[in-house]
Structure formats: C-alpha cells, structure tokens
Amino acid sequence: MQQISNYDFTNKKALIRVDFNVPVNDQFEITDDTRIRAAIPTIKKVLKTGSAILMSHRGRPKGEHSDKLSLKHVVSHLSVLLGVKVILADDCIGEDAKNKAANLKSGEVLLLENLRFYKEEKKGDENFAKELASLADVYINDAFGTAHRAHASTTIIAKFFPNDKMFGYIIESEIKNIDKVVKDTKRPLTAIIGGSKVSSKITIIENLLTKVDNLIIGGGMAYTFVKANGGKIGSSMVELDKLDLVLNIYEIAEKNNVKLFLPIDNIIADKFDNDANTQSCDIDQIPDGWLGLDIGEKSTQNFINIINDSKTILWNGPVGVFEMSSFEKGTKKLAEAIAEATKKGVFSLIGGGDSVAAISKYNLTDKVSYISTGGGALLEYMEGKKLPGIEAILND
Ligand code: AMP
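Residues numbered from 1 in each chain as written. Predicted model: local features only at pLDDT ≥ 70, side-chain atom pairs only at ≥ 80, totals over all residues. Heavy atoms only, no water.

## Digging into the side chain of arginine 116
Right, on to step 1. With respect to the helices, strands and loops of the structure, arginine 116 is situated in the loop between strand S4 (109–111) and helix H4 (119–123).
Right, on to step 2. This buried residue, arginine 116, is left without a salt bridge; glutamate 121 holds the nearest opposite charge, at 5.2 Å.
Right, on to step 3. Once you skip the residues sitting within four places of it in the chain, arginine 116 turns out to touch His57, Gly59, Pro61, Lys62, Gly63, Glu64, Glu121, Lys122, Thr146 and His151. (Helix = DSSP H or I, 4+ residues; strand = E, 2+ residues; numbered from the N terminus. Buried < 20%, exposed > 50% of the residue type's maximum accessible area, 1.4 Å probe, protein only. Lys, Arg positive; Asp, Glu negative; His and termini not counted. Salt bridge = Lys/Arg side-chain N within 4 Å of Asp/Glu carboxyl O. Contact = heavy atoms within 4.5 Å.)

Written out as structure tokens, the structure is:
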C-alpha cells in the first residue's frame, strides 16, 4: 500500500474521492464548509508536484441531474480555500471530463460534477468506475463518511489502480484516532451517548458494551430507559417498542462489568418550545403533560465527575435539546468538561453529527482530541466491521 506522505506525484494526475457533501442556503451559499476545509491538506499535497481531479457526491439526487445539488456551488469557495483556480467538468464522466482531465497541468484542479447524478455510483457499477479511473494515474480515497459503502468511487474503482492507491490524510487520521478508542485504549473508557432515539444508536450501544468501562446515556433516548424501569416520564420522547431491548442492555452491561449511568434529574417543559414554562424534577417523576428536554444539575455534576475520572472519552449525541437555549445547559457543561479533561491529557473523540455541532457551537473544536467526520462510517468501524472503502485500499 502506498502512503500519501511519501508518494511522488510529479507529473501525475491524482483522482481524489473527497466528501463535499456540504449544505447550502437558498442563495446556494455554503452554510458549513467543514468537509471542504478538511480535504485541503490532501489536495495541497498532491498539487505541490501533480494535478488533482476531485470527485464527490452531494445530497441524494437519485441518479438524476439536479441544479440544487450541483457541485458548481462549491467551485468558488474551494478556489478561495486552495488559492488556485478550480475548473469544473459539467459531468463526472464523458467527453468534457475526459478533455479537461487530459489537459490538466501540474498544480491545477479539476472538479467533476456530482457522482450521484448517475445511479451507477451507488450501485458500484464497474464500467462507471472504470470510466472515472481512466481520467487519472493515481487514486486517493479521502472520504471517510462514505467509506462504509461499496460505491463505484469509494471502493470498486480501487482495483484499477493496483499499485497506485492510497488513503488521503483524513482517512489516515480517522483510523489512527478511532483506534485510540477501540484498540489501544487507555482506561477507564467512558462513552456518552445522547441524541433522540435508542433505535438509531442500538448497534453502537451494544458494541460499546463490550468495550467501555462507563456508559452514560442522555438525551431523548434516556426516557425509554426510565420508562423500562417503571418511571413516570410524562410526554417525553419514548420508544415503547424498545423497552425489552433496553432491559437487555442492562443485563449485558452487568455481565460485562460496564457501569451504566442515566440522568437522575432533568429540566422539564410544558411544550417543545424555547419559551415554554420549565422546572427541574427527578427523571422518573415527570408530571403528565410535561416533557424532559435536558439533564438536570445533579446529573450534570455526576457525569462531569465520571468524565474527570476517565482516560478516554467517546461522545456521540447531545444530552438535551441543545439547539434551544433553554435546554442546552447540560450539553454545554459536558462539552466544557470534556475540553477541560482533554487539557489534562484525556483522549477525547467526538463523533456523530449533533455532538460535533454542539462542540462547534461552544467554540471547543480545537479543545478536544479529535472530531470524527464519519457518522455511519465511524459507527461501523467501531463495531469492528470491515469498511469496503478501507479494505479496497488495504488489499491488493
Ligand atoms: P441524534 O441525531 O439521534 O444524535 O439526535 C440529536 C437530536 O436529539 C438533537 O437534535 C436534540 O435536539 C435531540 N434531543 C436531545 N435530547 C432530547 C430530548 N430530551 N427530547 C427530544 N429530543 C432530544
């Protein structure tokens, strides 16, 4: 396997699978450019001596051309970030892409149009992958967020570059950092899992039960646990069909010596609204008509104590409706405690869209050890599954 840091790109065209799946507003301005910024080091490394052909998906165009989901909206911002003019091909395959790729000189950047304008991308079509591959000499996969999918541009394409395929810097550092949580773990390892639903996190929870010392459950999903234990949860979010599953989690936790922590108190509201009337109460004593939207002060302090006693922390999902200022306190305090612990040498990995958003809201992005870019990919990697996009580079 080749490594990006010592590969000689001189006069080579590198086809880089990036993740430019960025949101735009009604004026087509990018509202969060984190993913584009993350890809810059890999692109710049290539551009020192070679040329870069970038390919990505954006949104879910389902195999149809869509103006809204075009990558043309990314061109000018990418040019600014790179300090280089970016040429756009009006399609990802075909004559225009071929001509523009053929004429590309060292130091130049070509951006191909959205890969998912073709159904073949998600189907992992071999001919489609071959056409993309024909544009370049080297293949780099730097899209960790789609590494768990065997798509044409993330996996199938690698076979056309048997000796010239490698990870970009993002995937390299994702693997290195996630391994610090799942492989070379410094203990105690604490996972804080929040967010709305047990159902969407159940696989990660089950998997974490074989790895962590402490598992903290917060957010909307905590109420399914409280309900399963016979508590009164008023109108709080709950998944009634998951009560058995939750009881099973308790059993596995006990068997595996995992300490499971739930909030003991919470902030309740009389409606799902920032301006609702609020009060604090025990988490299993919520009056009818009220709903729990944040963890309470006692719980926050308990969780901070656990954070302070840990050597490794994984955080996935907010512990309250942090988007509303009335219910953000718990999430904010935990984010600050994680940043403080990191300063003292704890390894903290933040993964999953909403905890990343929370860390960024409180300006703590530089104060945690690592922020993973891959939602589903991160979870599958942590589950111990082999990700096709990673295997395709590792295997000959
Ligand atoms: P997820 O995508 O599953 O990580 O869920 C994140 C979402 O969970 C955020 O938008 C939060 O507002 C929401 N959330 C957190 N706590 C609660 C709660 N107690 N009730 C309802 N939603 C919540």
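## Regarding a positive patch on the surface
Right, on to step 1. Where like charges cluster on the molecular surface, the positive patch consists of Arg60, Lys62, Lys122 and Arg149.
Right, on to step 2. Summarising the element assignment, arginine 60 is placed in the loop between strand S2 (51–55) and helix H2 (72–82).
Right, on to step 3. On the basis of relative accessibility, which here comes to 67%, the residue arginine 60 falls in the exposed class. (Patch = residues over 30% accessible without salt bridge, like charges linked within 9 Å, V, L, I, M, F, W, Y side chains within 5 Å. Areas by Shrake-Rupley, 256 points an atom, 1.4 Å probe, with all protein chains shown as cover. Charge placed at Lys NZ, Arg CZ, Asp CG, Glu CD.)

## A word on the packing of helix H7 (residues 198–208) against helix H9 (residues 243–255)
Right, on to step 1. Between H7 and H9, whose axes approach to 12 Å, the crossing angle comes to 20°. What the angle tells us is that H7 and H9 run roughly parallel. The two elements H7 and H9 cross, and the hand of that crossing is left-handed. Where H7 approaches H9, its residues Val198, Ile202, Ile205 and Glu206 are matched on the opposing element by Leu245, Val246 and Ile249.
Right, on to step 2. Residues belonging to the contact of H7 with H9 are distributed by class as follows: six nonpolar, no polar and one charged. (Axes fitted to C-alpha atoms, helices over the stretch in contact; angles between N-to-C directions. Parallel < 35°, antiparallel > 145°, perpendicular 65-115°, else oblique. Left-handed = near helix turned anticlockwise from the far one by under 90°. Nonpolar A, V, L, I, M, F, W, Y, C, P; charged D, E, K, R; others polar.)

## Quick notes on the sheet that holds S4
Right, on to step 1. One open sheet holds the six strands; their spatial order is S3-S4-S2-S1-S5-S6, and the pairing between them is parallel. Where the open sheet ends on each side, the last strands, each with one partner, are strand S3 (86–88) and strand S6 (165–167). Here the average twist between neighbouring strands, direction ignored, is 25°.
Right, on to step 2. Sheet strands touched by helix H1 (residues 34–47): strand S1 (13–17), S2, S4 and strand S5 (138–141). Its angle to S2, the strand with the most contacts, is close to 145°.
Right, on to step 3. Relative to S3, H2 is tilted by about 165°, and along the sheet it contacts S2, S3 and S4. (Pairing = 2+ DSSP bridges.)

## Overview of the sheet that holds strand S16 (residues 347–350)
Right, on to step 1. The strand order across the open sheet built from six strands is S10-S8-S7-S15-S16-S17, with neighbouring strands paired in parallel fashion. Whereas interior strands pair on both sides, the edge strands pair on one side only; in this sheet they are strand S10 (259–261) and strand S17 (370–371).
Right, on to step 2. Judged from the four bridges that link them, strand S7 (residues 189–193) and strand S8 (residues 214–217) form a sheet pairing that is parallel. Opposite threonine 190, over in S8, you have asparagine 214 as the bridge partner.

## Concerning the pairing of S5
Right, on to step 1. Residues Val138 and Ile140 line one face of S5 and the alternating positions Tyr139 and Asn141 line the opposite face, and both faces are buried.
Right, on to step 2. Both S1 and S5 contribute to a ladder of four bridges, which runs parallel. Pairing of leucine 15 across the sheet is with tyrosine 139, part of S5.
Right, on to step 3. As paired elements, S5 and S6 share three bridges and run parallel to each other. Within S6, the position partnered with isoleucine 140 by the bridge is methionine 166.

## Quick look at H1
Right, on to step 1. The first and last C-alpha atoms of H1 sit 20 Å apart over 14 residues, in line with the 20 Å expected at 1.5 Å per residue.
Right, on to step 2. Taken as a whole, H1 carries its principal kink of about 35° at isoleucine 40; the proline proline 41 stands between one and four residues after it.
Right, on to step 3. Ile36, Ala39, Ile40, Thr42, Ile43, Lys45, Val46 and Leu47 are the residues of H1 that are buried.
Right, on to step 4. If you follow the buried residues of H1, they end up packed against S1, S2, H2, S4, S5 and helix H6 (169–182). (Expected span 1.5 Å × (residues − 1). Bend = angle between axes of the 7 residues up to and from the residue.)

## Here we look at the packing of aromatic side chains
Right, on to step 1. In the structure shown here, the tally under the stated rule is four aromatic pairs.
Right, on to step 2. Ring geometry for tyrosine 139 versus phenylalanine 161: centroids 5.9 Å apart, planes at 25°, classification stacked. Taken together, the residues span a long stretch of sequence, with tyrosine 139 in strand S5 and phenylalanine 161 in the loop between S5 and S6 at a distance of 22 residues.
Right, on to step 3. A residue is classified by how much of its surface remains accessible, and tyrosine 139, at 0% relative accessible area, is buried.
Right, on to step 4. The buried category is assigned to phenylalanine 161, whose relative accessible area is 3%. (Phe/Tyr/Trp six-rings, centres within 6.5 Å; stacked < 30°, edge-to-face > 60°.)

## A word on the packing of helix H10 (residues 297–308) against helix H11 (residues 329–343)
Right, on to step 1. Remark: H10 packs on H11, axes separated minimally by 10 Å, with the N-to-C direction vectors making an angle of 20°. Put simply, H10 runs roughly parallel to H11. In the packing of H10 onto H11, the handedness of the crossing is right-handed. Touching Glu297, Thr300, Phe303, Ile304 and Ile307 of H10 are Lys329, Gly330, Lys333, Leu334, Ala337, Ile338 and Ala341, all from H11.

Honestly, that's just the spatial picture; any functional story needs more than this.
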